[in-house]
Each structure stands twice: as structure tokens, then as C-alpha cells.
Amino acid sequence: MERRTIGAAALAVGAVGLGCMPMSWAYNGSRQRGDESLRAVHRALDLGSTLLDTADMYGPFTNELLLGRVLKERRQDAFVSTKVGLLVGEQHIVANGRPGYVRRACDASLRRLQTDVIDLYQLHRADPEVPVEETWGAMAELVQAGKVRSLGLCAMGARGGRRSGARLYDATIRQLQRVQQVFPVSAVQAELSVWSPEATEALLPWCEARGIGFLAAMPLGNGFLTGTLTPGQGFEPDDVRARHPRFTAEMMAANQPIVVGLRRVARRHGVDVTPAQVALAWVLAQGRHVVPVPGTKQERWVTENARAAALRPTAQDLAEVAELPRAQGSWE
Ligand SMILES: NC(=O)c1ccc[n+]([C@@H]2O[C@H](COP(=O)([O-])OP(=O)(O)OC[C@H]3O[C@@H](n4cnc5c(N)ncnc54)[C@H](OP(=O)(O)O)[C@@H]3O)[C@@H](O)[C@H]2O)c1
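Throughout what follows, the structure given in this document is the object of discussion. Just so we're clear, the structure is a prediction, and the values are computed from it rather than from any experiment. The residue numbering used here restarts from 1 in each chain and proceeds along that chain's sequence as written. In view of the model being predicted, local features appear only for residues whose pLDDT reaches at least 70, and side-chain atom pairs are presented and counted only at 80 or more, with totals across whole chains, interfaces and linings using the full set of residues. Values reported for side chains reflect all heavy atoms of the structure, with hydrogen atoms and water molecules removed beforehand.

1. Notes on helix α5 (residues 170-180)
Rules: Burial here depends on accessible area, computed with a 1.4 Å probe over protein chains only, as a share of the maximum for the residue type. Under 20% is buried, over 50% is exposed, and the range in between is partly exposed. A run of H or I in DSSP counts as a helix once it spans at least four residues, and a run of E counts as a strand once it spans at least two, with each numbered from the N terminus. Whether two residues touch is decided by their heavy atoms; if any such pair falls within 4.5 Å, the residues are in contact.
Looking at α5, one finds that the buried residues are Asp-170, Thr-172, Ile-173, Leu-176 and Val-179. Close packing links the buried residues of α5 with α4 (132-144), β9 (148-154), β10 (187-191) and α6 (203-209).

2. As for unusual backbone geometry
In this structure, the amide linkage connecting Gly-59 to the following residue, Pro-60, adopts the cis form with an omega of -5°. Mapped onto the elements, Pro-60 comes out in the loop between β4 (51-53) and α2 (62-74). If you check the backbone angles, Ala-26 has positive phi at about 80° while not being a glycine. Position of Ala-26 relative to the elements: it lies in the loop between β3 (18-19) and α1 (34-47). Given the relative accessible area of 11%, Ala-26 is considered buried. The phi angle at Met-218 is positive, at roughly 50°, despite the residue not being glycine. Relative to the assigned elements, Met-218 resides in the loop between β11 (213-217) and α7 (249-254).

3. Brief notes about the sheet that holds β9
For clarity, the cut-off: Strands pair, by our definition, only if DSSP identifies at least two bridges between them. All axes here are fitted lines through C-alpha atoms, helices being fitted over the stretch that makes contact, and every angle between N-to-C directions spans 0 to 180 degrees.
Judged by pairing direction, the sheet is parallel, and its eight strands sit side by side in the order β3-β4-β5-β8-β9-β10-β11-β12 without closing on themselves. Lying at the two open borders of the sheet, with one neighbouring strand each, are β3 and β12 (290-292). Here strand β8 (residues 118-123) pairs with β9 via five bridges, running parallel. Residue pairing across strands places Gln-122 opposite Gly-152, the latter belonging to β9. Running over the sheet, helix α9 (residues 275-284) touches β11 and β12 and is turned about 160° from β12.

4. Points about the site of the ligand
For clarity, the cut-off: Throughout this document, a residue counts as near a molecule or strand when at least one of its heavy atoms sits within 4 Å of that molecule or strand. Under this definition, polar contacts are N or O atom pairs within 3.5 Å; protein pairs additionally need one hydrogen-donor-capable and one acceptor-capable atom, and for neighbouring residues in sequence, both atoms have to be side-chain atoms. Areas reported as accessible are Shrake-Rupley estimates using a 1.4 Å probe. Residue values count occlusion only from the protein chains shown. Asp, Glu, Lys and Arg are counted as charged, while Ala, Val, Leu, Ile, Met, Phe, Trp, Tyr, Cys and Pro are counted as nonpolar; the rest, among them Gly, fall into the polar class.
In the vicinity of the ligand, 33 residues are found, and the nearest of them are Tyr-27, Asp-53, Gly-295, Thr-296 and Lys-297. Take Gly-295: an N or O atom from its main chain is 2.8 Å from an oxygen atom of the ligand. Summarising the interface, the protein chains cover 95% of the accessible area of the ligand, which totals 910 Å² for the free molecule. It is helix α10 (residues 299-307) that contributes the most residues to the shell around the ligand, three residues altogether. Of the residues that constitute the shell around the ligand, the class distribution is 15 nonpolar, twelve polar and six charged.

5. Some words on the pattern of salt bridges
Heads up, the rule is: By definition, a salt bridge exists where a carboxyl oxygen of Asp or Glu is found within 4 Å of a side-chain nitrogen of Lys or Arg.
Summed over the entire model, instances satisfying the criterion amount to 17 salt bridges. The partner of Glu-2 in a salt bridge is Arg-288, with the nearest N and O atoms 2.5 Å apart. Of this pair, Glu-2 sits in the segment before β1 (3-6) while Arg-288 sits in the loop between α9 and β12; the two residues are 286 residues apart in sequence, bridging distant segments of the chain. Relative accessible area serves as the criterion here: at 22%, Glu-2 is assigned to the partly exposed category. With a closest N to O distance of 2.9 Å, Arg-268 and Glu-320 form a salt bridge. Placement of Arg-268 in helix α8 (residues 256-268) and of Glu-320 in helix α11 (residues 315-322) is noted, with a sequence separation of 52 residues between them.

6. Here we look at the side chain of Thr-82
Its place among the elements puts Thr-82 in strand β5 (residues 79-84). Of note is the side chain of Thr-82, whose polar atom sits 2.6 Å from the side chain of Glu-64.

7. A look at α11
So the rule is basically this: By arc we mean the arc of the directions from the helix axis to the C-beta atoms, nothing more.
Those residues of α11 that sit buried are Asp-317, Glu-320 and Val-321. All buried residues of α11 fall inside an arc of 100° around its axis, so they share one side. Projecting away from the buried face of α11 at angles above 90 degrees are the exposed residues Ala-315, Gln-316 and Ala-322. Buried-residue contacts for α11 involve α8 and α9.

Printed below as a string of C-alpha cells:
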């Protein structure tokens, strides 16, 4: 698989990574498929999808424990990307960016992952109670202590923070500028997909200009862009899509033209090319610093997604995807 590099440390990873969240969190049946998930992780590593993206919060903790079972045997094949800063409380998910907590959480992640170093340690969310420089300073000390190789920042909370007239990631860029004063950012993780392209406006070019890698989260639109979901199908109550405004029966039907367009492009590349692969190829085409982390617990999807790295969309394909209708159904 084509290799890409992440950030100033120029750490090499396969162009398509693996999002491990659906193995333990947020999707239908995530808690019942341990063995299949293990096979999926092994398959990813066999195919060169080396970047495994997890978080202590997924499960909570069980996602890292699952990866630890693979890393124990295959650490040298993998690039380990995990996150700190969010805790699953009794009622809510809460942020914790206190330095002491960050140090303890890192040690706990290392134990669960059965490794002595994390390749990319990401701040999952900034804690509103703690200046982000303090949290980032504690993370930088972990690099100096040799427990972590590089640092990243997630920008997923941006969705609810857009003020009228501001671009979606303006506040994220301001936060990045602050932490850059403390220690270099190697990667930013934010949503990027055919139906959520907002990061291309300012955040992607900002990262590219500074040699910062970009992990594209939810590159398959939470599964919608694969064309395997049916409008009106149900989602379990703890599935993130049960509350997602784009996954009501009405919005799924309204957004079908996006899938139809992806399928049309796919057909030009062969009968076995899928909308999912075109969606990933579009993300890959947004810059050499971009690494999509499609999430799955299924070996067959890992294989299909890895093959997207070999797809070469033409300028016409990319223009056609860019002109697909805007997605309907909004969080705001
Ligand atoms: N930093 C953050 O705050 C944050 C937030 C969200 C996500 N992320 C990261 O980004 C990763 C990706 O996001 P995501 O998993 O939420 O969304 P996604 O990658 O857009 O979609 C995941 C869904 O697509 C399905 N799928 C995957 N490949 C498929 C294929 N080829 N054909 C048909 N269905 C396919 C999966 O099914 P199965 O479940 O059945 O395998 C899963 O339901 C996560 O795993 C996580 O690592 C980070």
C-alpha cells in the first residue's frame, strides 16, 4: 500500500488506516464481535493499513484492550494512534485535561495496549476548565519521557461551535496556534468525507502548510456513503446514528443521490469497485498529508477499504464528486 507521512516526525503509515471505534463503541452490535474484530485488525496490518486509531474512551477501555491483544504479537507492524481527555461518566461524557490525569491515563493506555510507546497521542477534547497549553505541556512531557512519539489534536467538538459567519474550524485553528507555541502538533483529526467536506475550506490547507498530518475521521459518513444502508432501517439506541440528523428515514432518502453519484463513478473503474472506495479515494485526493481512518469491525470491509488506496480517480471523477448535492440533515 502507498505510504504517507505524519507530521514533523515524518512517521510513515499506510495511506488508508483503520478506525477501531466500531469494534467497541457507537455502532450496531459493537460489543458482540470480539473475534471478528481481532481478525479485522490482523487483516488491516497484513494489507499495510498500519495506522490503528483508537481511544481510551472507546468501550470504555475495551477497544485498547482488544488492540493490545494484537500489538502484543505485532507491534512492529502497527502505528498506534490513541486519545486522551474524555471520560465516560455516569450520565455524560466529560473532559479531563488536568496534567496529573493525562500522565495517569497515558500509563493506563500503554498497559492496555501492551506496548511501551504510543506513536500518536491525541487530545480527544480540550477541557474547558484547564488552559489547553497546560494539557498540551503534560502531553509534551510524555514525548520527552519516551512514552509517546508524537502529538495530535482532535477537532470533533467543532460541530456545535460554529458562530454565524465563522468557518467551522476557525476556533480549532486558534486552538492549534496556541498549542503549537508549546510543542509541535504532528496531526489533526477531524471529520472529512464527501458529505462533510468543511475541513477542506481552511483546516486542511492550514495543516498542509505546516507539514501537519490530517487523520480523516468518519470518511464513510458513518457508513452512509458505502451505499449498504437502507432508508428507514433501524439503529440500536446506543448507535450514534439513532440520534444523528442525517440518519432519519427522510434524510437518508433525501441523501440517496450522493450514493448514486459515488456508484456512478465507481462503475467507471470496474464492476467490483464500490461507493465506499470512491468515497475514500476522494478523501485521499484532498492532500498527501491526509490519511482516512475508515471504521469497521469486519474483515471484508477492511479489505475493501484498503483497496481504495490503489484507486486512481481522474480529474473528472473528482469534479463529479465535488458537484454532488450537498448533504441534507444538520446538527445545527
Ligand atoms: N476523534 C474523534 O472524536 C472521532 C470521532 C469519530 C470517529 N473517530 C475515528 O474515526 C474512525 C472512523 O469513523 P467512524 O467509524 O465513526 O465512521 P465511518 O468510518 O465513516 O463509518 C463506519 C461505519 O461504516 C461501516 N463500513 C466501513 N467500511 C465499510 C464498507 N466498505 N462497506 C460497508 N460498510 C462499511 C462500518 O460498519 P461495521 O461497524 O459493520 O464494520 C461502520 O458502521 C473511528 O473508528 C474513529 O477511530 C474519531
